[in-house]
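Structural description and commentary
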Amino acid sequence: MKKIGIGIIGGGLMGREMASAFARWCALTDVEVQPELVAVADLVEDVRNWFRRIPSCAQITGGYQELLLNPAVEVVYVAVPHNLHEKIYCDVLAAGKDLFAEKPFGIDLASARRIAEAAQASGRFVRCSSEFPFLPGAQRVMQHVKEGKLGRVLEVVAGFHHSSDLDATKAANWKRKSATCGEIGVLGDLGMHACHIPLRLGWRPQRLFAQLQKGYPKRPDGKGGMADCDTWDNALLNCWTEIGGNEVPLRFEMKRMAPGETNTWFLEVLGTEGGVKFSTKEPKTLWVFENGKEQYWKKTDLGFGMPFKTVTGGIFEPGFPDMIQQMWAAYLMEREGLLAGRCGCATVEEAVATQEIFAAALASHQQGTVTAL
């Protein structure tokens, strides 16, 4: 099996998650490449020390430029605050490395477009992180749509909800500050998750009306004081898109303040002849609507029907680590030209398209009007 040397810049929550996915790569049974973590760069010593448990990780450094000089590194995954995306992504590309970027692909639309230009000029393989489409339920929703089982599409709703920001004692971090997270706030934090599948299905908003909401203006700073928090916490984007020659309402929901929701991703598509919906609230359940003289919502339990086969029994349900591993399998197999029609990671074009949606949302909210894209 061909080994690919991986470097990680930013070894925090997501960096460790990626490393653990590599460690259990043997679970995959139909891939022809194997990632090998060879280098990690992070400014925080305690974060770096976690990676010392991984035998293949020979380079552990505080400076990412040292990692980029390492000839063993072929692909670089970057998970850093949004204000650092452009500089580091472009440095990765300039170093001749392939890039697996984190969303939102820059702090704003202008930054995303500059990254896209650098990616095109470099000729490197670049994709953006988005793991939820690899769940069996998400795959089945896309399958229903592509098979034309819904008739004329009447409505699409896609979203991602958290409730963590309801806790006023939660310490402020970089995601609560526009200087580091971007003016788009929750849109940049959660927006790719909501937008990816609609964009992949060709459902790009043509115009939208945005309702943005901020939460607590101050939070504990972790040092005994209080810190200003100025990012948007909740966003509802009421859009129009075109599906099958018809204008269709498309609603995106991104919320950090959604009572009762720990980590809920969902997608619902309703049509004249049928409907389909899936939510991680019920991670094994697919809901399918059937029209007729009597109308039914039917549900079925889904097993481990992931795009890339594994040793896991088909009766079991997947979790977040499985989604991460599937996403990496898609990235590496597409990089080798072996995706073979399976679901791929978010493209550069899709990442820029999300930023176009976010920029229109800011303009719509500021002006209180419907904004065209």
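Our structure is the block above this text.
The model shown is predicted, which means the values in this text are computed figures rather than measured ones.

Points about helix H4 (residues 85–94)
- Inspection of H4 places His-85, Ile-88, Tyr-89, Asp-91, Val-92 and Leu-93 among the buried residues, and these make up the whole buried set.
- Immediately downstream of H4, the backbone of Gly-96 shows phi near 80°, a positive value.

Quick word on the environment of Arg-113
- One can find Arg-113 in helix H5 (residues 109–122).
- The spatial distance from the C-alpha of Arg-113 to the C-alpha of Asn-70 is 28 Å, given a sequence separation of 43 residues.
- Excluding residues within four positions of it along the chain, Arg-113 makes contact with Val-352 and Glu-356.

Topic: the packing of H4 against H5
- Between H4 and H5, the shortest axis-to-axis distance is 10 Å and the interhelical angle comes to 0°. With respect to each other, H4 and H5 are oriented roughly parallel. Contacts between H4 and H5 involve His-85, Glu-86, Tyr-89, Cys-90 and Leu-93 on the former and, on the latter, Ser-111, Arg-114, Ile-115, Ala-118, Ala-119 and Ser-122.
- A breakdown of the residues in the contact of H4 with H5 according to their chemical character gives six nonpolar, three polar and two charged.

Overview of the layout of surface pockets
- Taken as a whole, the largest pocket spans an internal volume of roughly 960 Å³.
- Every residue lining the largest pocket is counted, 41 residues in all, and those nearest its centre are Leu-13, Met-14, Ala-79, Trp-174 and Lys-175.
- Broken down by element, the residue count for the lining of the largest pocket peaks at four residues, all from helix H1 (residues 13–23).
- Looking at the lining of the largest pocket residue by residue, the classes come out as 17 nonpolar, 14 polar and 10 charged.
- A volume near 260 Å³ is recorded for the second largest pocket.
- Considering the residues around the second largest pocket, the lining is formed by 18 residues, among which Phe-22, Ala-23, Gln-34, Pro-35 and Ser-56 are closest to the centre.
- Elements with a contribution of two residues or more to the lining of the second largest pocket: H1 and strand S2 (33–41).
- Broken down by class, the residue content of the lining of the second largest pocket amounts to 12 nonpolar, three polar and three charged.

Definitions and limits used
Residues numbered from 1 in each chain as written. Predicted model: local features only at pLDDT ≥ 70, side-chain atom pairs only at ≥ 80, totals over all residues. Heavy atoms only, no water. Buried < 20%, exposed > 50% of the residue type's maximum accessible area, 1.4 Å probe, protein only. Helix = DSSP H or I, 4+ residues; strand = E, 2+ residues; numbered from the N terminus. Contact = heavy atoms within 4.5 Å. Axes fitted to C-alpha atoms, helices over the stretch in contact; angles between N-to-C directions. Parallel < 35°, antiparallel > 145°, perpendicular 65-115°, else oblique. Nonpolar A, V, L, I, M, F, W, Y, C, P; charged D, E, K, R; others polar. 1 Å grid on protein atoms, 1.4 Å probe; cavity = no way out; pocket = protein on both sides within 12 Å on 5 of 7 lines; lining within 4 Å. Points joined across faces, edges and corners; volume = space filled by probe spheres on them.

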